[in-house]
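Fold and contact review
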Amino acid sequence: LLLAARGWGCLGAMSRYSTEQRGRPNSPDYRLYFKNADGKYISPFHDIPLFAGSKEDKEIPAKRSKTTGSEVLFNMVVEVPRWTNAKMEIATEEPLNPIKHDTKKGKLRYVANIFPHKGYIWNYGALPQTWEDPNHTDNLTGCCGDNDPIDVCEIGSKIRSSGEIVQVKVLGVLGLVDEGETDWKIIAIGADDPEAQKIHGKYFYIDDVKKHKPGYLEATIDWFQLYKVPDGKPENHFAFNGEFKNKDFAVEIIKSTHEHWKALLHKKVDGGAIKCTNILVSGSPFCCSEEDARSIVQSAPAFMNGDPVSPEVDSWYFFPK
């Protein structure tokens, strides 16, 4: 896992990218920066194409995408490996948007264990080049976006690494309403996963998930409904009464958030504190030079070996009523 996190020995999409650690792991100053195959520092939020297989240096936003059969594949940036508790996320308000350990009131954030689950129950991350606009009211949910890239729950059998880039096929989507904000959760599986070929229904991949992974979708509903309760917050709610929508519905949601991202990167909407610094997005007023990108990374604290075991929430479980 450590080798994968540093970008060595990985196959597929990850072989085109590597990561560089800065700061001390398990501390507020830890950052994981990204490089492309040419060794250029890039933003995982803005410079990695949404569609897998596009030519990164020439087509951003991508005009062509990789397919497997009739399947369009997307790039996923893994933030949190399955079964871990540390709340790692793309730092949307920092230049080049490295992955960081989220904090609240100066303390590192960890999700509680929700019995019988341990940490995050999928590989959790985001689709690059998407943005849930907080100033746009979603017609389907009646709520504005949560100001982040769209989230992905990757349900394959492999445990991924933070910073890994995985080509995924989309299976469906869950509409979470989190503290009054629209927070779509894309359900996907790595195209390289041994179980991916089992899920091949023409329209209703979600039905195949129920068949081959019984109980997983129900556990996903349970997890998202309750994961903030140990922090003293109310249960979350869902659009469509918690019904998972199919692949085609999910792809339309992704396309919509991609359009919002394009408007953001071309300064057609106000992104507030969002940092749009990039080196590859054609025509973006936020493009910076390779030298500027290097300076951003080098200004971060140098990497320091820390305790390899995170002080995760292992000693107790939250039992829902």
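Now for a quick tour of the structure. Given the structure is predicted, the values throughout are model-derived calculations rather than measurements.

A count of helices and strands for the chain gives five helices and 16 strands. Every one of the 321 residues in the chain was classed for burial, and the buried ones make up 56%. Within the chain, contacts between residues separated by at least 24 positions form 68% of all contacts whose residues are at least 6 apart in sequence. Entry remark: accessible area of the chain is about 14400 Å², with carbon and sulfur atoms responsible for 51%.

Glycine aside, a negative phi is what most residues show, and trans is what most peptide bonds show. In this structure, the amide linkage connecting Phe115 to the following residue, Pro116, adopts the cis form with an omega of 5°. Counting through the fold element by element, Pro116 comes out in the loop between β10 (113–114) and β11 (123–126). The phi dihedral of Asn26 falls on the positive side, at around 60°, and the residue is not glycine. Phi at Trp83 is positive, roughly 75°, even though this residue is not glycine. By relative accessible area, which is 41% here, Trp83 ends up partly exposed.

Take the pattern of salt bridges next. Following the criterion strictly, the structure yields 20 salt bridges and no others. Ionic pairing is found between Glu20 and Arg22, a salt bridge with its closest N-O pair at 3.6 Å. Pair check on accessibility: Glu20 and Arg22 agree, each one buried. Lys87 serves as the salt-bridge partner of Asp102, at 3.8 Å between the closest nitrogen and oxygen. With a gap of 15 residues between them, Asp102 in the loop between β7 (99–101) and β8 (103–104) and Lys87 in the loop between β5 (71–80) and β6 (88–90) connect regions that are remote in the sequence. Classification of Lys87 as buried rests on a relative accessible area of 17%. One network of salt bridges, with partners in common, ties together Lys87, Glu89, Asp102 and Arg109.

Take the packing of aromatic side chains next. Scanning all chains against the criterion turns up 13 aromatic pairs. When the centroid spacing of 6.5 Å and the interplanar angle of 50° are considered together, the rings of Tyr124 and Phe224 count as tilted. Here the residue Tyr124 occupies a position in strand β11, and Phe224 occupies one in helix α3 (residues 216–226), the gap between them amounting to 100 residues. When its relative accessible area of 10% is taken as the criterion, Tyr124 is described as buried. When its relative accessible area of 1% is taken as the criterion, Phe224 is described as buried. Among the aromatic residues, those joined into a ring-pair cluster are Tyr120, Trp122, Tyr124, Trp223, Phe224 and Tyr227.

Using the criterion set out here, one finds zero disulfides in the structure. Left without a disulfide partner, Cys287 is nearest to the cysteine sulfur of Cys288, which lies 7.4 Å away. By relative accessible area, which is 36% here, Cys287 ends up partly exposed.

What follows covers the nonpolar core. The biggest cluster of nonpolar side chains holds 59 residues, and the ones touching the most others in it are Trp122, Ile155, Leu171, Trp223 and Phe224. Take this core: its biggest share by element is six residues, from α3. When near neighbours in sequence (up to four residues on either side) are disregarded, Ile155 contacts Arg82, Trp122, Leu171, Ile187, Ala188, Ile189, Glu195, Val209, Lys213 and Tyr216. Among the nonpolar cores identified, the runner-up in size contains 19 residues, and Ile150, Val168, Trp184 and Ala250 belong to it.

This next bit is on the environment of Val281. Summarising the element assignment, Val281 is placed in the loop between α4 (247–265) and α5 (290–298). Exposure remark for Val281: the relative accessible area of 0% places this residue in the buried category. Sequence spacing of Val281 and Pro49 is 232 residues, and the spatial spacing of their C-alpha atoms is 9.6 Å.

Successive residues of a regular strand alternate their side chains across the two faces of the sheet. By the criterion of burial, β5 is predominantly enclosed, with nine of the ten residues buried. Alignment of β5 against strand β13 (residues 165–178), held across five bridges, turns out to be antiparallel. Looking at β13, one finds that Met76 is bridged to Val166. Note: β5 against β11, three bridges, orientation antiparallel. When the bridges of β11 are listed, Val77 appears paired with Ala126.

Analysis parameters
- Along each chain, the written sequence defines residue order, and numbers are assigned to residues from 1.
- Totals for whole chains, interfaces and linings use all residues, but because this is a predicted model, local features are given only for residues with pLDDT of at least 70 and pairs of side-chain atoms are given and counted only at 80 or more.
- In computing side-chain properties, one takes all heavy atoms of the structure into account and sets aside hydrogens as well as water.
- A run of H or I in DSSP becomes a helix once it reaches four residues, and a run of E becomes a strand once it reaches two; helices and strands are each numbered from the N terminus.
- To sort residues, take the accessible area from a 1.4 Å probe on protein chains only and compare it with the maximum for the residue type: under 20% means buried, over 50% means exposed, and anything in between is partly exposed.
- The contact criterion used throughout is that any non-hydrogen atoms of two residues lie within 4.5 Å.
- Here the accessible surface of atoms and residues is derived via Shrake-Rupley with a 1.4 Å probe, and residues count as covered only by protein chains that are part of the display.
- Any carboxyl oxygen of Asp or Glu within 4 Å of a side-chain nitrogen of Lys or Arg constitutes a salt bridge here.
- Only Phe, Tyr and Trp rings are paired, with Trp represented by its six-membered ring, and only when their centres lie within 6.5 Å; those with planes under 30 degrees apart are stacked, over 60 edge-to-face, the remainder tilted.
- The disulfide criterion used throughout: a pair of cysteine sulfur atoms within 2.5 Å.
- Take the buried residues of types Ala, Val, Leu, Ile, Met, Phe, Trp, Tyr and Cys, join any two whose side-chain atoms come within 4.5 Å, and each joined set is a nonpolar core.
- Should DSSP find at least two bridges between two strands, the strands are taken to pair.

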